[in-house]
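Summary of the model geometry
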Amino acid sequence: MAYFDSSKNRALWEIRLAQLRKEREAREAGESQGPVRGPEEPSMAGPVRIPISYQELLRQEAMEAGKRQTKDRARERAKEKVQQAAEPSRERRAGL
């Protein structure tokens, strides 16, 4: 229980225990102050499922595949331009 080795953590735990004791005493006395824990709000930290039809999923995947192909084509064109620019310098070297 290394958590309680720290004096700071021990003090925080004592404060929380004191709060819980007060809440228990209030419930036993009939003074209902609501739940021990506050209302939990749904957190948006995790993934959220969005209903989608199979046709919509296929359409989305096709669009993403098209984007990838476009990017790949652009890379290939850029490589070709670099190679074409390098070819004349190679020819000059070979000619010398």
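Okay, so let's go over this structure.

Quick notes on the rules
- Residues numbered from 1 in each chain as written.
- Predicted model: local features only at pLDDT ≥ 70, side-chain atom pairs only at ≥ 80, totals over all residues.
- Heavy atoms only, no water.
- Helix = DSSP H or I, 4+ residues; strand = E, 2+ residues; numbered from the N terminus.
- Buried < 20%, exposed > 50% of the residue type's maximum accessible area, 1.4 Å probe, protein only.
- Areas by Shrake-Rupley, 256 points an atom, 1.4 Å probe, with all protein chains shown as cover.
- Patch = residues over 30% accessible without salt bridge, like charges linked within 9 Å, V, L, I, M, F, W, Y side chains within 5 Å.
- Salt bridge = Lys/Arg side-chain N within 4 Å of Asp/Glu carboxyl O.
- Expected span 1.5 Å × (residues − 1).

Describing the overall build of the chain
Broken down by element type, the chain carries two helices and zero strands. The 96 residues of the chain split such that 2% are buried. Accessible surface for the chain amounts to roughly 9,600 Å². Of this, 53% is attributable to carbon and sulfur atoms.

Some remarks on a nonpolar patch on the surface
A cluster of nonpolar side chains, namely Tyr3, Leu12, Trp13 and Ile15, defines an oily patch on the protein surface of about 410 Å² accessible area. Position of Trp13 among the secondary structure elements: in helix H1 (residues 7-28).

Structural notes on H1
Taking 1.5 Å of rise per residue, the 22 residues of H1 would be expected to cover 32 Å, and the 31 Å separating its terminal C-alpha atoms lies within 8% of that figure. Among the residues trailing H1, Gly30 stands out with phi positive, at a value near 90 degrees.

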